[in-house]
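# Descriptive structure summary
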Amino acid sequence: MNRLTAPLLIAALALSGCGRLGDSGWNPLSWGSAPARSLEPKGGYAEVSDTRPDIPQITSARWEPLNEGLLLVVNGFAPVRGYSSVALVTARPMPGDRISPDADGVLRLRLVGVPPAPGSPAALPARPGVDEITAAMALSAVQLSRIAAVEIASAGNVVTLRR
């Protein structure tokens, strides 16, 4: 064997251990800055906003204790009975079921629901204090740690609860 053959064999074995180009930390071609990797889809998250109309008026909002956080309970009132699919939704679209406050620490929500069709038997006049609309949202202790206040909007008013 030649004097040059042994170092060439050692170099060939070392480079073959580097794997495919860019896969190994031992590969000198991958020593530059790595591209930033994200779990966000290439086109971003689809922003789907809730198209249900706001409930006409919020009458009260309160916190109820839970084992792992708090339950936000909101009562509203509408001039007719028969609202369905009532819920508290975030004011700005968020991916999935994520709940996060704005930069100022305020979680902004909307009280929404589907009104009954005009003239339907469910669209009877509502009685104040009796025919209330109620929606609730559970917030974990982790979610609450970033929230300073909750602002709930309806078609007619806005209610703010501090923590």
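Check the entry above for the structure.
Let us look at the structure shown here. Because the structure is a prediction, the values reported are computed rather than measured. (Residues numbered from 1 in each chain as written. Predicted model: local features only at pLDDT ≥ 70, side-chain atom pairs only at ≥ 80, totals over all residues. Heavy atoms only, no water.)

## Some words on the sheet that holds strand 7 (residues 158-162)
- The mixed open sheet is built from 4 strands, whose spatial order is 3-4-6-7. Either end of the sheet is taken by a strand with one partner, and the two such strands are strand 3 (84-90) and strand 7. Each strand axis lies, on average, 20° off the axis of its neighbour in the sheet, ignoring direction.
- The pairing of strand 3 with strand 4 (residues 106-114) spans 5 bridges and is antiparallel. Note that in strand 4 the partner of Val 89 across the bridge is Arg 110. (Pairing = 2+ DSSP bridges. Helix = DSSP H or I, 4+ residues; strand = E, 2+ residues; numbered from the N terminus. Axes fitted to C-alpha atoms, helices over the stretch in contact; angles between N-to-C directions.)

## So, the pairing of strand 7
- Of the two faces of strand 7, only one is covered, namely that formed by Val 159 and Leu 161; the face formed by Val 158, Thr 160 and Arg 162 stays uncovered.
- With 5 bridges joining them, strand 6 (residues 149-153) and strand 7 adopt antiparallel strand pairing. Directly across from Ile 152, in strand 7, lies its bridge partner Val 159.
- Following strand 6, the chain reverses through 4 residues before pairing antiparallel with strand 7. (Buried < 20%, exposed > 50% of the residue type's maximum accessible area, 1.4 Å probe, protein only.)

## Thoughts on the sheet that holds strand 1 (residues 57-66)
- An order of 1-2-5 is seen for the 3 strands of this open sheet, with the pairing classed as antiparallel. Every interior strand has two partners, whereas the edge strands, strand 1 and strand 5 (133-140), have only one. Shown here is a sheet whose adjacent strand axes are inclined to one another by a mean of 20°, direction ignored.
- With 9 bridges joining them, strand 1 and strand 2 (residues 69-77) adopt antiparallel strand pairing. Residue pairing for strand 2: Ser 60 is matched across the bridge by Asn 75.

## Focus on the nonpolar core
- Counting residues in each nonpolar core, the largest one holds 22 residues, and the members touching the most others are Leu 72, Val 74, Leu 88, Leu 111 and Ile 152.
- Of all the secondary-structure elements, those providing two or more residues to this core are strand 1, strand 2, strand 4, strand 5, strand 6 and strand 7.
- Among the elements that line this core, the one with the most residues is strand 5, at 4 residues.
- In this structure, Leu 72 is in contact with Arg 62, Trp 63, Leu 88, Leu 109, Ala 135, Ala 136, Met 137, Val 150, Ile 152 and Leu 161, ignoring residues within four places of it in sequence. (Core = buried A, V, L, I, M, F, W, Y, C linked by side-chain atoms within 4.5 Å. Contact = heavy atoms within 4.5 Å.)

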